[in-house]
Every structure is written in C-alpha cells, then in structure tokens.
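# Residue-level structural notes
Chain residues, written in single-letter form:
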Amino acid sequence: MSEMDTNVENSLNPVSTQTWSNGRHLVRCVKIIQETHDVKTFCFVSQTPMLLFFKPGQFVTLELLIDDEQVMRSYTMSSSPSVPYSFSITVKRVKNGQVSNWLHDNLRVDDELAVHGPIGNFNCIDFPTDKALFLSGGVGITPVMSMARWWYDTNGAVNMKFVHSAQTPKDIIFLKELELIASRIDNFELSIICERYDIGESWHGYRGFLTQALLLLIAPDVLQREVYCCGPEPYMRAVRTMLIDLGYDMSRYHEESFGETPPDAIEDAEESAEQALIADEQPSTGFAVEFIDEGMSVTVNESETIHAASAKLGIHVPKACGMGICGSCKVRLLSGEVNMEHNGGISEEEIEEGYILSCCSSPIKDVSIET
C-alpha cells in the first residue's frame, strides 16, 4: 500500500481521526489556486488525521520563519467546514507586505508549517439567522465566503444577499463560484460593485462605491437582516455609519473580531498596568501622546503603549486580544512615529493609510492620534 493510500485510510478511520481544537498544529500545503492577478488561495491538510471543523468566519494564525525571524500572521479561512479534511486561506499580495508577499513567492505544494487556532467570534454559528446580508470589500470577502459556502453546502434555510465591493472587475475574488451559487439556488442573491473598470474591460454591474442609497436598492429589507461585514477599516466604518443612520439594530451587526483575550495576554496586560503605575510615580521624560479628538495629551516612556497612554487619560479605546491579533484597538497615527509589533491584526493597506494597533505600538517620537 502506498503512503498516499495509507494516509487516506487513516483519515477515514474514526478511531485514529481527531477533531480540530484551538492549539498549535502542523499542516501541509496541498494546493495553490490563483484566484486573481494578485490573490492566491492556499489549501492545507493536517499532518495527523484530523476533522478540521471550525465556525465559518474564524481565523488561524500562521507561524512562519522569514529571513531567520519567527513571524506570526492571522488569516481568516475562506473555505467551509463542510469540507472537513482541509482548510484554505486566501491571501492578497500587497505592496511591502512581509507575509503576504512571502506566501505568494515562497510557499509551495508539500511545504509544511505550523498554524494556531481556529479561533474568532466573527462567525455565523454563534449568530444564526434566517436572513443574512453579507457586506465585504476587497480580500475581506474571505470570512463571508466561508459562511456562504457553509450555508450553500449544508442546504441551510437562509435567505442570503451577498454584496461585494472591488476596485475593478479583474479584482473580484471568487466571482465564478459566486455566480454558480447564485444560479443554482434561489435563496442567494449576488451584487458586485466595482469602483471603476479599465479600458477594454466589460462591466455591467454596479459602479462606484457602496452608498446608503445603493444599499437600500440592493437590500430594501436591510433592517430585517443580520449583517456580517468585513473589509478595510474605512469600508467597515462607512457601513456602520450607514446602518446607524438607518436606525439599524447594531446588536445584529457583526464584523471581523479575533476572539477573546487569552489568559497569558491578560497577565501581560496586568504586568504592564503595574509598570505604568510605577512609571506614574516617577518624573516623566518620555514622548508626548496627543489624542486629537479628545483634546488631551500625556507623556509616556518608550516601553509604554499608545493604549496605555489612552488608559491614563481615561480615553476608551476598544481592546480584545492585547497582542496585536484582533485589530479591535486600531487608531490612526496623524503625526510622529511608533514601533508596532503586531501579529496580523492589521493589513499592509491599513498601515499605509496611517492606522496602527494601539495595544502593541509604542512611541519613538511625539505622536498625535485620532481615535
């Protein structure tokens, strides 16, 4: 019997098969799919027989060695747990993207790596519904695609409206599969919005940006739907504003969130708080952190984070993981410089737009912050 036959037999043996749970797992890349000109899907299987069940919308954190440096980066899974012996992540190449570009240029079929997870509160299992509205921008399509695939594969009795925004027609991820789903079931309605189209391209869908008027045209019953949203922070902020202006019940709005704070992160946070109290008792000779919206500022030393500075002033900045994974503590750096040591909770595009994660960013010059 060949090694492949043995692996298949073990995978189907209920005695030897385990069930995926949060932790560190060795996986092997088995397939790479070129989705668009700058987006690839990487498919993985476990090195030990394992049912890879997760909640659609959750993420894993890749443990990589890049230029002899260990790098951790989180990616939502684009596949559905209805395909239980493998999972996939879909990654866009971005300018100066350390991990995304490394994956595109270096990861090959049969390569092995370690992943941590699955975790994440953004999913359709914990927030079930019979009427869903998926809103996504760019590569933010990955978690909502996982949800749509799950309900499609399991014949879920869910009425789905899937609204995706892309820059141009050539940037639409999963287009053929989305059109196939829409053609096969009557409870899935697809709407694509392209910001523009280039010379020689043909496009007959919506053009421009998602606006409140366009949202009501596509989903006039939006107030009766559960909303699942993922995309760049400016996109999600715009969506939140639209929904609030419409009087939407925001308890039914869900956007990507990377889970609860791990116990060790809580301990680190407590230690940091104690250090901050000690620092408060000493004359401060560090860097000024100014919060523009609140008109307040404080001086901190280079070992303290922007989030610690906000806490000293009583300014509320959301925080979940405390270690640069979840992205919930994102703020905008208006001036100055910081040292940010994140673990995947922010995209290269957001960094280029000036955003930082306050929980893992420490000033190295005087800074101005927009919360």
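Residues numbered from 1 in each chain as written. Predicted model: local features only at pLDDT ≥ 70, side-chain atom pairs only at ≥ 80, totals over all residues. Heavy atoms only, no water.

A separate point is the sheet that holds strand 12 (residues 206-207). In space, the six strands of this open sheet follow the order 12-11-10-9-13-14, with parallel pairing throughout. The open sheet has two edge strands with one neighbour each: strand 12 and strand 14 (253-255). Bridge count for strand 10 (residues 159-166) against strand 11 (residues 188-194) is seven bridges, and the pairing is parallel. Note that in strand 11 the partner of Ala-166 across the bridge is Cys-194. In the packing of helix 4 (residues 175-184) onto the sheet, contacts are made with strand 10 and strand 11, and the angle to strand 11 comes to roughly 145°. (Pairing = 2+ DSSP bridges. Helix = DSSP H or I, 4+ residues; strand = E, 2+ residues; numbered from the N terminus. Contact = heavy atoms within 4.5 Å. Axes fitted to C-alpha atoms, helices over the stretch in contact; angles between N-to-C directions.)

Here we take up the confidence of the model for the protein chain. On average, residues of the protein chain score 87 in pLDDT, and 87% of them are at 70 or above. Across residues 259-273 the pLDDT falls below 50, and counting only partners more than four positions away or on other chains, this stretch makes 12 contacts in the model. Across residues 278-283, confidence stays below pLDDT 50; counting only partners more than four residues off in sequence or on other chains, it has three contacts. (pLDDT = per-residue confidence, 0-100.)

Let us look at the pattern of salt bridges. All told, the structure shown has 19 salt bridges when counted by the stated rule. Here Lys-55 ties to Asp-126 by a salt bridge, and the two come within 3.0 Å at their closest N and O atoms. Of this pair, Lys-55 sits in the loop between strand 4 (50-51) and strand 5 (59-66) while Asp-126 is found in the loop between strand 8 (112-119) and strand 9 (131-137), placing the two residues 71 residues apart along the sequence. Residue classification places Asp-126 among the partly exposed residues on the basis of a relative accessible area of 37%. Residues Arg-225 and Asp-221 are paired through a salt bridge, measuring 2.9 Å at the closest nitrogen-oxygen approach. For Asp-221, a relative accessible area of 17% corresponds to the buried category. (Salt bridge = Lys/Arg side-chain N within 4 Å of Asp/Glu carboxyl O. Buried < 20%, exposed > 50% of the residue type's maximum accessible area, 1.4 Å probe, protein only.)

A word on the pairing of strand 2 (residues 23-36). Where strand 2 and strand 8 come together, six bridges link them in antiparallel fashion. Its bridge partner being in strand 8, Arg-28 is matched across the sheet by Glu-112. Sheet analysis places strand 2 next to strand 3 (residues 39-46), joined by eight bridges and oriented antiparallel. The residue bridging Ile-33 from the neighbouring strand is Thr-41, located in strand 3.

The contact between helix 3 (residues 141-153) and helix 4 brings their axes to 12 Å, and the two run at 30°. Judged by the inter-axis angle, helix 3 sits roughly parallel to helix 4. When you trace helix 3 past helix 4, the crossing you get is left-handed. On helix 4, the residues that touch Ile-141, Met-145, Arg-149 and Tyr-152 of helix 3 are Glu-177, Leu-178, Ile-181 and Arg-184. (Parallel < 35°, antiparallel > 145°, perpendicular 65-115°, else oblique. Left-handed = near helix turned anticlockwise from the far one by under 90°.)

On to the sheet that holds strand 5, then. One open sheet holds the six strands; their spatial order is 6-5-8-2-3-7, and the pairing between them is antiparallel. The sheet is open, and its two edges are formed by strand 6 (69-76) and strand 7 (87-92), each paired on a single side. Neighbour to neighbour, the strand axes of the sheet diverge by 40° on average, direction disregarded.

Turning to the nonpolar core, a few remarks are in order. By size, the foremost hydrophobic cluster in this structure holds 23 residues, and its most contacted members are Phe-44, Leu-62, Phe-87, Ile-89 and Leu-103. The set of elements that each furnish at least two residues to this core consists of strand 2, strand 3, strand 5, strand 6, strand 7, helix 2 (98-106) and strand 8. Here this core gets four residues from one element, more than from any other, and that element is strand 5. When near neighbours in sequence (up to four residues on either side) are disregarded, Phe-44 contacts Val-27, Arg-28, Cys-29, Val-30, Leu-52, Tyr-85, Ser-86, Phe-87, Ile-89, Leu-107 and Leu-113. In this structure, Cys-124, Met-147, Trp-151 and Val-158 belong to the second largest nonpolar core, which totals 22 residues. (Core = buried A, V, L, I, M, F, W, Y, C linked by side-chain atoms within 4.5 Å.)

Attention now goes to the environment of Thr-154. Secondary-structure assignment places Thr-154 in the loop between helix 3 and strand 10. Spatially, the C-alpha atoms of Thr-154 and Ser-82 are 7.2 Å apart, while their sequence positions differ by 72 residues. Looking at Thr-154, its side chain comes within polar contact range of the main-chain oxygen of Trp-150, at 2.6 Å. (Polar contact = N/O pair within 3.5 Å; in protein donor to acceptor, adjacent residues only side chain to side chain.)

Tracing the backbone through its elements, the reader meets Ser-310 in helix 8 (residues 306-312). With residues up to four places along the chain from it excluded, the contact list for Ser-310 reads Phe-291, Ile-315 and Val-317.

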